[in-house]
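Notes for the structure review
The primary structure of each chain is shown beneath.
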Amino acid sequence: MPLPQQHRYRVLFTVLAILAGLLVSLWLGGRYAEQRAWDERSVEARGQLQLYAQSIRTLVERFSSVPEVLALDSDIRSLLRAPHDRQLRLALNQRLERLNAAAGSTVLYLLDAHGETLVASNWRDWSSFVGNNYAFRPYFQNALRDDGARYFAVGVTTGIPGYFLSHVVRDDKGELLGVLVVKLELEELQREWVGQPGVLLVADSYQVVILSNKPIWRFRALQPLDEQARAELVEVRRYAEQALQPLAHQVHRHIDDDADWARVDGPDGNRDYLWQRLPMPEEGWTLHLLSEPIGLADSMRSYRLAAAGVWMTFAFLLLFLFQRRKNQRLQAGIRERLEREVALRTAELREAQDGLVHAAKMAALGQMSAALAHEINQPLTALQMQLGSLRLLLDSGRPEAVRDGLQRIDGLLQRMAALTGHLKTFARKTPAGLSERLCLGDVLEQALQLLAPRMRSEQVELRTQIDDEAEVLGDAIRIEQVILNLLHNALDAMAESEKRILLVRIACEDDGCLLSVEDSGGGIAEETLGRVFEPFFTTKPVGQGLGLGLAVSYGIVRDLGGTLEAHNGELGAVFTLRLPAAP
């Protein structure tokens, strides 16, 4: 059978939504894997940069105090006062040579106040600094201004890059005499970095790479240099004749303040790198570490598969919940229809039950009709006799005796009115569900009043044990009908007995009230004891009952929240009615 068009559209929309969610989950899984890989690599790169920075600081700090200490030497001050003393020059050249070898620095040299080199540790070499003027170098100018300076540049004489540490030399009066400089060539440190993962770049304040673990990356500008900056660099010959090629790069995504994901067009080709930065404010440098993602593709594939699995699980869970809710709505609709059907059938059954209850009442009244007619006939006969006596008394002129006779007639009329009034109340067809607070003893008294004529005619001995505090909630007429059925059955059971004893007990027990009716009729056979409450089951002879009295009574008691039980006692059958006590 073909699916309806609306249902086909719903299925198509569901499939498209699942596919769209799958694509989104794949994309998000890849982005998350990528971000996670960059974050992890960023932490590693930051640790590497800190180690590189620490190695640079250790090297620099080891020599930072050398020029400051030598500036206090008396021979150096003496030479600056007498620069033409050849013997002192030779001694200081030899001394600086020894100190430089012992310290492990590259060159130690002394400049006068005009920037001319007087003595140097490399005085024997072809590249000796002696006689050269370095007044244009920033490390000389800054030392004059700030007493000390740090500066990186390519050597003018040797062409070898170096890091220059300088400090002024003053006399005891504080007058400027010259500048003492120590040059450190960082080539050895740079060689130690070769082979380390990633690309390490050490950039100066102009963002020009001055050191790298890959020498081919050196002297590349990380950002464009304006004309003023180029003029300054040419003036101080900072990078000698280096071309300063730009290092082109494009940032794909900004990760944090010190990290980017960028595509770099470097000497190794156009590649994607995690670009991590670490400033070194003391030297005015910035360390850069470019790391390629290792295993990123495998990680992205794994995370995408995991995200797709999670999405499909979630999607099928949603479909399951949607279908479950749909089924629940269908079941709720079916249950609602069933409940309406049950309510309708229950109302019909209750109406039928009420009819059965009323029919049982009428049957009970029919059984009591002969005794009740006799009970009413006695007052009528007495009333006729009293009326005849009153005529004679009136004729004889005895008004006091007439008054007494009228009082006796009034008592007879009240007795007849009470009996007929209770018969009308009992015979009324009342609906189930009425509830009022009742004294169980009063209800029993009403039932016994209806059966009193029969009990007298059959010479039944009534024994009662009644707890006046036994009170229940219920319908008085229906409870009376139950009690009347039990009493009727007891009287019927004793019809053939020589000794007729009826025991009725009312007592309170726990949270309930008990009424038991026991007769001396010999009891009920054990094989039929369990069926006495079944409809149309009776132990009476044919024509003397339909077997509905106990069944109706059982239904009434159950509706009132109580129980009705039967068993055999010492004298005969015992029926026990248990109802919840009124609060």
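Here, the structure is the one placed above.
Just so it is clear, the structure is predicted and the values come from calculations on it, not from any experiment. Every chain is numbered independently, its residues counted from 1 as its sequence is written. At least 70 in pLDDT is required for a residue's local features to be given in this predicted model, at least 80 for side-chain atom pairs to be given and counted, and no such filter applies to totals for whole chains, interfaces and linings, which use all residues. Calculated side-chain values reflect all of the structure's heavy atoms, with hydrogen atoms and water omitted.

Remarks on the sheet that holds strand 15 (residues 461-466)
The cut-off we apply is this: Being paired, for any two strands, means DSSP has found at least two bridges between them. A run of H or I in DSSP becomes a helix once it reaches four residues, and a run of E becomes a strand once it reaches two; helices and strands are each numbered from the N terminus. To obtain each axis, a line is fitted to C-alpha atoms, and for helices this fit is confined to the stretch in contact; angles are then taken between N-to-C directions over 0 to 180 degrees. Two residues form a contact once any of their heavy atoms are found within 4.5 Å.
The strand order across the open sheet formed by five strands is 15-17-18-20-19, and the pairing between neighbours is mixed. A strand with exactly one partner marks an edge of an open sheet, and here the two such strands are strand 15 and strand 19 (563-568). Strand-to-strand twist of the sheet, defined as the mean angle between neighbouring strand axes without regard to direction, takes the value 15°. Of the strand pairs in this sheet, strand 19 and strand 20 (residues 573-580) are connected by six bridges, and their pairing is antiparallel. Bridging from a neighbouring strand, alanine 566 pairs with phenylalanine 575 of strand 20. Running at roughly 175° to strand 17 (residues 501-509), helix 10 (residues 440-457) makes contact with strand 15, strand 17 and strand 18 (512-519) of the sheet.

Side note on the sheet that holds strand 12 (residues 269-280)
In spatial order, the strands read 7-6-13-12-11-10; together these six strands make up an open sheet with antiparallel pairing. The open sheet has two edge strands, strand 7 (209-212) and strand 10 (248-256), and neither has a second partner. Averaged over all pairs of adjacent strands, the angle between their axes in this sheet comes to 30°, without regard to strand direction.

Concerning the pairing of strand 1 (residues 107-112)
Just so we agree on the cut-off: The buried label applies to any residue whose accessible area, calculated with a 1.4 Å probe on protein chains only, is under 20% of its type's maximum; exposed applies above 50%, and partly exposed to all values in between.
Taken across its six residues, strand 1 has six buried, putting it largely inside the fold. Alternating residues of strand 1 divide into Val107, Tyr109 and Leu111 and Leu108, Leu110 and Asp112, and every residue in both groups is buried. Bridge analysis of strand 1 against strand 5 (residues 176-184) gives six bridges, and the strand direction is antiparallel. Counterpart to leucine 110 in the pairing with strand 5 is leucine 180. By the bridge criterion, three bridges tie strand 1 to strand 2 (residues 117-120) in an arrangement that is antiparallel. Bridge pairing in strand 2 links leucine 110 to valine 119. Counting the residues in the hairpin turn of strand 1 and strand 2 gives four residues, including glycine 115, whose phi is positive at 90°.

Thoughts on the packing of helix 10 against helix 11 (residues 476-493)
Stated precisely, the cut-off is as follows: Oblique is the label for any angle not covered by the other classes, which are roughly parallel (under 35 degrees), roughly antiparallel (over 145) and roughly perpendicular (65 to 115). In this scheme the crossing of two helices becomes right-handed for a clockwise turn of the near helix relative to the far one and left-handed for an anticlockwise turn of less than a right angle. Each residue gets one of three labels, nonpolar for Ala, Val, Leu, Ile, Met, Phe, Trp, Tyr, Cys and Pro, charged for Asp, Glu, Lys and Arg, and polar for the others, Gly among them.
At a minimum axis distance of 9 Å, the contact between helix 10 and helix 11 shows a crossing angle of 40°. If you check the angle between helix 10 and helix 11, you find them oblique. Classified by chirality, the crossing of helix 11 by helix 10 is right-handed. Judged by residue contacts, Leu440, Val443, Leu444, Gln446, Ala447, Leu448, Leu450, Leu451, Arg454 and Met455 of helix 10 engage Ala476, Ile479, Glu480, Ile483, Leu484, Leu487, His488, Leu491 and Asp492 from helix 11. Across the contact of helix 10 with helix 11, the residue classes tally to 14 nonpolar, two polar and three charged.

Notes on a nonpolar patch on the surface
Applied cut-off: Exposure above 30% relative accessible area and the absence of a salt bridge qualify a residue for a patch, where like charges join within 9 Å and nonpolar side chains (Val, Leu, Ile, Met, Phe, Trp, Tyr) within 5 Å. Under the convention used here, a 1.4 Å probe and the Shrake-Rupley method define accessible areas, while residue burial counts only the protein chains that appear. When a carboxyl oxygen of Asp or Glu is within 4 Å of a side-chain nitrogen of Lys or Arg, the pair counts as a salt bridge.
Residues Val11, Leu12, Val15, Leu16 and Leu19 make up a contiguous nonpolar surface patch of roughly 430 Å² in combined accessible area. On the basis of relative accessibility, which here comes to 45%, the residue leucine 19 falls in the partly exposed class.

Digging into unusual backbone geometry
Of note, the phi angle at aspartate 147 is positive, near 75°, even though the residue is not glycine. Looking at the element boundaries, aspartate 147 is found in the loop between helix 5 (138-146) and strand 3 (148-154). The partly exposed category is assigned to aspartate 147, whose relative accessible area is 34%.

As for the nonpolar core
Inclusion rule: Joining through side-chain atoms within 4.5 Å is the link that ties buried Ala, Val, Leu, Ile, Met, Phe, Trp, Tyr and Cys residues into a set, and such a set is a nonpolar core.
With 49 residues, the main nonpolar core has Ile56, Trp285 and Leu287 as its most contacted residues. Considering every element that reaches this core, the biggest residue donor is helix 1 (residues 5-64), with eight residues. Setting aside chain neighbours within four positions, we find isoleucine 56 in contact with Leu189, Trp193, Val202, Met280, Trp285 and Leu287. Listed in part, the 42 residues of the second largest apolar core include Met455, Leu515, Val517 and Leu579.

Treat this as a map of the structure, not an account of what it does.
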